[in-house]
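Structure at a glance
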Protein chains: 4
Amino acid sequence: MILIHKKSGKKFYIEEVNKDFHTNFGILKKDDLIKSKPGDIIISHIGEEFLVLNDTFIDKIEKIIRKTQTINYKDIGMLISLTGIGSGSNIIEIGTGSGFLTAFLANIVKPFGKVYSYEIREDFYEIAKKNLEKLNLIDYVELKLKNAYEGLDEKDIDVVISDIPEPWNLIDHAYKSLKFGGFFVSFLPNITSVLKLLDNNDKFLFLGVYENITRKWIYKKSNVLRPRNVELVHTEFLVLLRKI
Amino acid sequence: MILIHKKSGKKFYIEEVNKDFHTNFGILKKDDLIKSKPGDIIISHIGEEFLVLNDTFIDKIEKIIRKTQTINYKDIGMLISLTGIGSGSNIIEIGTGSGFLTAFLANIVKPFGKVYSYEIREDFYEIAKKNLEKLNLIDYVELKLKNAYEGLDEKDIDVVISDIPEPWNLIDHAYKSLKFGGFFVSFLPNITSVLKLLDNNDKFLFLGVYENITRKWIYKKSNVLRPRNVELVHTEFLVLLRKI
Amino acid sequence: MILIHKKSGKKFYIEEVNKDFHTNFGILKKDDLIKSKPGDIIISHIGEEFLVLNDTFIDKIEKIIRKTQTINYKDIGMLISLTGIGSGSNIIEIGTGSGFLTAFLANIVKPFGKVYSYEIREDFYEIAKKNLEKLNLIDYVELKLKNAYEGLDEKDIDVVISDIPEPWNLIDHAYKSLKFGGFFVSFLPNITSVLKLLDNNDKFLFLGVYENITRKWIYKKSNVLRPRNVELVHTEFLVLLRKI
Amino acid sequence: MILIHKKSGKKFYIEEVNKDFHTNFGILKKDDLIKSKPGDIIISHIGEEFLVLNDTFIDKIEKIIRKTQTINYKDIGMLISLTGIGSGSNIIEIGTGSGFLTAFLANIVKPFGKVYSYEIREDFYEIAKKNLEKLNLIDYVELKLKNAYEGLDEKDIDVVISDIPEPWNLIDHAYKSLKFGGFFVSFLPNITSVLKLLDNNDKFLFLGVYENITRKWIYKKSNVLRPRNVELVHTEFLVLLRKI
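Everything quoted here is computed from the prediction, not taken from an experiment.

In this assembly, 18 residues from chain D lie in contact with 18 residues from chain B. Those elements giving two or more residues to the side of chain D that touches chain B turn out to be helix 7 (191-200), strand 12 (205-220), strand 13 (224-227) and strand 14 (230-232) of chain D. With 4 residues, the top contributor of residues to the side of chain D that touches chain B is strand 13 of chain D. Among the residues forming the side of chain D that touches chain B, the class breakdown is 9 nonpolar, 5 polar and 4 charged.

The next subject is the sheet that holds strand 5 (residues 41-43) of chain D. Residues and elements named next belong to chain D. The 4 strands are arranged 2-1-6-5 in an open sheet whose pairing can be described as antiparallel. Only two strands of the sheet have a single partner each, and these edge strands are strand 2 (11-13) and strand 5. Averaged over all adjacent pairs, the angle separating strand axes in this sheet is 30°, with direction ignored. As paired elements, strand 5 and strand 6 (residues 49-53) share 3 bridges and run antiparallel to each other.

Mapping chain D onto chain B calls for a screw motion: a turn of 180° about the axis and a shift of 0.1 Å along it, with 0.1 Å RMSD after fitting. Overall, the copies show the geometry of a two-fold rotation axis. Scanning chain D for the C-alpha nearest the rotation axis identifies Glu231(D), at a separation of 2.9 Å. A share of 100% of the interface residues of chain D reappears at the interface of chain B, consistent with the copies meeting face to face through the same patch.

One recurring pattern in soluble globular proteins is that nonpolar side chains are buried together. Core analysis: the biggest nonpolar cluster contains 248 residues, and Val239(A), Val239(B), Val239(C) and Val239(D) have the highest contact counts within it. Here Val239(B) is in contact with Val185(B), Ser186(B), Leu188(B), Val194(B), Leu197(B) and Val209(B), once residues within four sequence places are set aside.

Residue and element names in this part refer to chain A. Running from amino to carboxyl end, helix 4 (residues 100-109) crosses helix 5 (residues 122-134) at an angle of 35°, the nearest separation of the two axes being 10 Å. Seen from above, helix 4 lies across helix 5 with right-handed handedness. Here Thr 102, Ala 103 and Ala 106 of helix 4 come into contact with helix 5, specifically with Ala 128, Asn 131 and Leu 132.

Rules used throughout
Residues numbered from 1 in each chain as written. Chains lettered and ligands numbered in written order. Predicted model: local features only at pLDDT ≥ 70, side-chain atom pairs only at ≥ 80, totals over all residues. Contact = placed C-beta atoms within 7 Å. Helix = DSSP H or I, 4+ residues; strand = E, 2+ residues; numbered from the N terminus. Nonpolar A, V, L, I, M, F, W, Y, C, P; charged D, E, K, R; others polar. Pairing = 2+ DSSP bridges. Axes fitted to C-alpha atoms, helices over the stretch in contact; angles between N-to-C directions. Least-squares fit on C-alpha atoms with pLDDT ≥ 70 in both. Core = buried A, V, L, I, M, F, W, Y, C linked by C-beta atoms within 7 Å. Buried ≥ 20, exposed ≤ 12 C-beta atoms within 10 Å, placed from the backbone. Left-handed = near helix turned anticlockwise from the far one by under 90°.

Below you can see the structure in the form of structure tokens.
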């Protein structure tokens, strides 16, 4: 359940509604929480107003546990628009991490597509599992505690996505798992790794290396409109290869 | 049906397989076309090899008729990752144009979500209809030949997207159609229009104005790896507002 | 006098050489400091090596007192290359601040050009004066404790540079002071101010609004080469106008 | 002599004033040209007005003969602001080309600094010579028809700039020619070359690799203010090394 404190715009994510919820802006009573629905206003014991929102995916995913660095929103957008991932797509992800990208993809490919996600660390596997359960997306994901370097089990896949440091070890496996026309995407922070992947690629058609600088602008009624000064300008290069 | 000429990497999109297909690399016979499936090689009458690909969405959308300027891939990616549009989302689009963004969205929200798309020009409406039919996405779209300034018919919408020049006229209508927590997104090429929209916004929470510079890199085996020199660095500002 | 600690690459700027200098890497004796020249190695009392550098301008300017936000290096570069400022140029700067840009310009226009710099705050005027004296550039600058809105005293100027928030008040004054063919440059952080300046400009030829995203890359021998993650992507818009 | 056609803003550069000058906007008579001075208006035989400008460096450099690709304005600005090149600096340039960067630098280092510029192709050497003569900057430049790989003649140099494809061959020579504290700058279009230079650098302190995306905005009175759509986003990486 998601609430917004009207004055500050601050969001609160409530997991259990059958007890009182404490905020800096006063206590919200469990009786009010239980009976409320999206659009309702709940008033705290000191008179502050909170609006009940619909539980949108974008709010919920913000609140998942992240023990790993996750793929940035801007890079997820680039991935989806370059490969045309849609409802029904079948995807392999290598490097589940906290399951952030996994969730984003599951939310799109559901209900008839699937994300097969490989992870070698058991602690990450467990975190991802909990996150996907909390987001009600676990049905569209097959989490695999397995080393992708030893092979990929699936066939006829639309997109294989690597978020691990040495994707050149995956070239053969990814090629076998993909449909003709399918994409092999690698996220890599260093250009040296991009170069090594491309120099080692003897199977796929090279489509491009992409990077993305997204700027957010600030606006205030008093004639302030300008780009935010400091920005995350580098996260990952996206290498796009295609099976033909 | 999509073919790739193996030597050049050039793509061919064949709409009718029951006749011969002429290319710069020779003629492909209809008998070969009819019986082929993804992964097969078809050989032209002059001996050139063509690989049969799966019909991926991203290939098919490239080939639709575009009579209007369409939202760029990079901006579609930004839209999806910022709003969390997924399978099942219900979306209003204002300004159908050729139906390019419409198709991208329909491909994600299907089979249980829907895109309601408003257009005032009948010629665009007809082009978009044909494009969506060709892409087999028409079932997930309701095309409306209707002026959005006069009101929007739908309720409980996840995201309202404006791709028209004067979105300030849509503030009240978008607000009424959206769920609590829903997003109103406007694409605008001029910062002056962004400013006018924000100065006129008396209903929505302002989340940000976003813009996106995507660079593509070139790679050749002989030690060439560099960003493409010239790039489309400006298309649209994306204004993100939220109903709370 | 500038020293670099060889192991760490850390720079030390010594103003007085006739006393011992204390660092985290040991004490440098005044006798060693006095007799050393560029290229010499000085050894601290704990055996650490320091190399004596030539006093380059770029080292010295880093060390000046800055009480104000200063124009960024990238924007100084853009200013110089767009206007062709060179040795012998005569320049008016409005908004001296700490004298950072003033010093950069003086170092280029000397010995026969001049920077006339206007400032209304006496504390800034005093800081700038000290900074320019320390840099031995005061002879090429005329610092003026004076409100530029009331008029500019000079004629036949090559470039007038505004680093104050309301340059539209300077349009007439700048026009009178400039040569035919001279440039009026305004640095402005908000696009709303850019718009106001351009809408109010009834005298100058508009050449362009410029902005500059400079990225720095990180390199380590162990195959690390990538853009720095976080970068100052927005500082100022540069508005370039010309008297014709 | 530089004129601007007032209505169109189009610039004309007249090399010989003692004959009539023909434009799309009519003929300018030689008598009018000879007696005019900056600020005057000359009227063509069909009544169009032309304003006489001062001959600024930035206008003149636009008109020089360019037989080679030249370093872009944005990269020249970055070079100057990162190294603090000023009046009196002594600079070695390797790869004179058409002399474009040479001229920019000479215009700054004059009258007491010097640019020593190496070129191996005689045709480029001749073009550069003519260009520098036309710009009255030849006195501040020593053009050398000589292979820099065989050694550099000068000592005590402030900045060595390489604009050739294999700067790793210059590391030792540049090191010997530079002052302690001096900079070795390489312009390189490919990141693979950047990597090779850095991997081969065993003498200099690495300061950074820089790149620069400069955007120009378009403005029209009718509420148009937006970045230009297409931009030259990649020219060269600038590698900055320092002798310590």
